Amino acid sequence: MIGLRRIGPAEFSAVLDAALDVYTAAMRPPADQVPGRAAIMRNHASYPAFSCVLAEQAGGRLAGFAYGFHGAPGQWWHDVVYRSLALQGGEAAARVWMGDVLEVAEVHVHPDHQGRGVGRAMLHALTEGRPERTAVLSTHDQPTAARHLYHSLGFTDLLTQYVFPGGYERYAIAGAPLPLVRRVPPQGLRADRQG
């Protein structure tokens, strides 16, 4: 049985190493990129209205995590995506998606638990009760299970084949109105309302 638990910035710092283990197992990044990812995650925890949902096995072992925060001008990802959306669709379109936004920064499930509804449950728990009008995220621009999940939750592609400044990988920027599309929760998951 996997339980969901919402935590804030202080608790996130305490589980950052376990979260990095899940991230590494799920994404298999080059080892030299992991310290940089840790610094980014630590910084994200300082952003406004940061919230994280942990998917935990009995005994507390981490099976997955998802987090986001209120996107605002001055945050690198927010500003880069806002400018790109404005260039493609105009300033009004950028404001619709980015003017009152929950930026979903990370969603990762350990490979041992993928395909069981854990990611879907975490995203619903993360977005439930949020005051923002929209949620926006980036994902590899490939036909992955994660991208299929996002589309099934109501996310639509806002930008495709997108390369972040200084990068080389191609991403899709996807957005959804909040609340997300609801489906029946999978068996074997329970949500604990904490935090």
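Every residue gets a number counted from 1 within its own chain, in the order that chain's sequence is written. Predicted model: local features are reported for residues with pLDDT of at least 70 only, side-chain atom pairs are reported and counted for 80 or more only, and whole-chain, interface and lining totals are derived from all residues. Side-chain numbers come from the whole structure's heavy atoms, not from hydrogens or water.

Participant: Which parts of the structure should I look at to understand the overall build of the chain?
Facilitator: In this description a helix means any DSSP run of H or I spanning at least four residues, a strand means any run of E spanning at least two, and both kinds are numbered starting from the N terminus. Along its length, the chain carries six helices and eight strands. In summary, the chain has a C-alpha radius of gyration of 16 Å against a globular reference of 16 Å for 195 residues, a match within 12%. Buried residues are those whose accessible area, probed at 1.4 Å on protein chains only, stays under 20% of the maximum for their type, while exposed residues exceed 50% and partly exposed ones sit between those limits. Here the chain, with 195 residues, has 49% of them falling under the buried criterion. Here the contacts in the chain between residues at least 6 apart in sequence split such that 69% fall between residues at least 24 apart. Here the open area of atoms and residues is found with the Shrake-Rupley method and a 1.4 Å probe, where only the protein chains shown may cover a residue. Carbon and sulfur atoms provide 54% of the accessible area of the chain, an area that totals close to 9900 Å². Two residue types count as positive, namely Lys and Arg, and two as negative, namely Asp and Glu; His and chain ends fall outside the count. Just so you know, the charge point we use is NZ for Lys, CZ for Arg, CG for Asp and CD for Glu. Charged side chains of the chain number 18 positive and 17 negative; the gap between the two group centres comes to 5 Å. Radius of gyration: over C-alpha atoms. The globule rule applied is 2.2 Å multiplied by the number of residues raised to the 0.38 power. Contacts were defined at the residue level, with two residues in contact if any of their heavy atoms lie within 4.5 Å.

Participant: I would appreciate a short explanation of the pattern of salt bridges in the present structure.
Facilitator: Pairing is possible between side chains of opposite charge, provided their charged atoms come close. Counted as salt bridges are all cases of a side-chain nitrogen of Lys or Arg within 4 Å of a carboxyl oxygen of Asp or Glu. Counted under the stated rule, the structure contains six salt bridges. A salt bridge links glutamate 132 to arginine 130, with the shortest nitrogen-to-oxygen separation between them at 2.8 Å. Classification of glutamate 132 as buried rests on a relative accessible area of 4%. Here arginine 130 falls in the buried class, since its relative accessible area comes to 15%. Among the charged side chains, a salt-bridge network with shared partners connects Arg5, Glu11 and Glu56.

Participant: Looking at this structure, I do not really get the layout of surface pockets. What am I missing?
Facilitator: Any space left empty among the atoms is revealed by the rolling of a water-sized probe across them. We place a 1 Å grid over just the protein atoms. Points where a 1.4 Å probe fits but has no way out form a cavity, open points with protein on both sides within 12 Å along at least 5 of 7 lines form a pocket, and any residue with an atom within 4 Å of a point lines it. Grid points are joined across faces, edges and corners, and a volume is the space filled by probe spheres set on the points. Put simply, the largest pocket is a space of about 1800 Å³. Lining the largest pocket are 49 residues; nearest its centre among them are Met27, Glu106, His108, His140 and Tyr171. Each residue receives one of three labels: charged for Asp, Glu, Lys and Arg, nonpolar for Ala, Val, Leu, Ile, Met, Phe, Trp, Tyr, Cys and Pro, and polar for the others, Gly being one of them. Considered class by class, the residues forming the lining of the largest pocket number 26 nonpolar, 16 polar and seven charged.

Participant: It is not clear to me how the nonpolar core should be interpreted in this structure. Could you clarify?
Facilitator: Across soluble globular proteins, you tend to see nonpolar side chains buried next to one another. Residues belong to a common nonpolar core when they are buried Ala, Val, Leu, Ile, Met, Phe, Trp, Tyr or Cys residues joined through side-chain atoms within 4.5 Å. Membership of the largest hydrophobic core comes to 26 residues, with the highest contact counts inside it found for Val104, Met122, Leu123 and Phe155. For this core, the secondary structure elements donating two or more residues are strand E1 (2-7), strand E2 (51-57), strand E3 (62-70), strand E4 (101-109), helix H5 (118-127), strand E5 (134-140), helix H6 (145-152) and strand E7 (171-177). Top element by residues in this core is H5. It accounts for six residues. One finds Tyr23, Val34, Ala45 and Cys52 within the second-largest nonpolar core, a separate group that totals 19 residues.

Participant: Even after reading the chapter, I still don't get the side chain of histidine 110, so can you show me in this structure?
Facilitator: Among the structural elements, histidine 110 can be located in the loop between E4 and H5. With residues up to four places along the chain from it excluded, the contact list for histidine 110 reads Val22, Ala25 and Ala63.

Participant: So what exactly am I meant to see when it comes to the packing of aromatic side chains here?
Facilitator: What characterises a pair of aromatic rings is the spacing of the ring centres plus the angle enclosed by the ring planes. Stacked, tilted and edge-to-face are the three classes assigned to paired rings of Phe, Tyr and Trp, where Trp is represented by its six-membered ring and a pair needs centres within 6.5 Å; plane angles under 30 degrees give stacked, over 60 edge-to-face, the rest tilted. A full pass over the atoms with the stated rule returns ten aromatic pairs. Centre to centre, the rings of phenylalanine 12 and phenylalanine 50 are 5.3 Å apart; their planes meet at 55°, and the pair counts as tilted. Of the two residues, phenylalanine 12 sits in helix H1 (residues 9-27) while phenylalanine 50 sits in the loop between helix H2 (34-44) and E2, which places them 38 residues apart along the sequence. A single burial state applies to phenylalanine 12 and to phenylalanine 50, both of which are buried. Ring geometry for phenylalanine 65 and tyrosine 67: centres 6.4 Å apart, planes at 20°, overall stacked.

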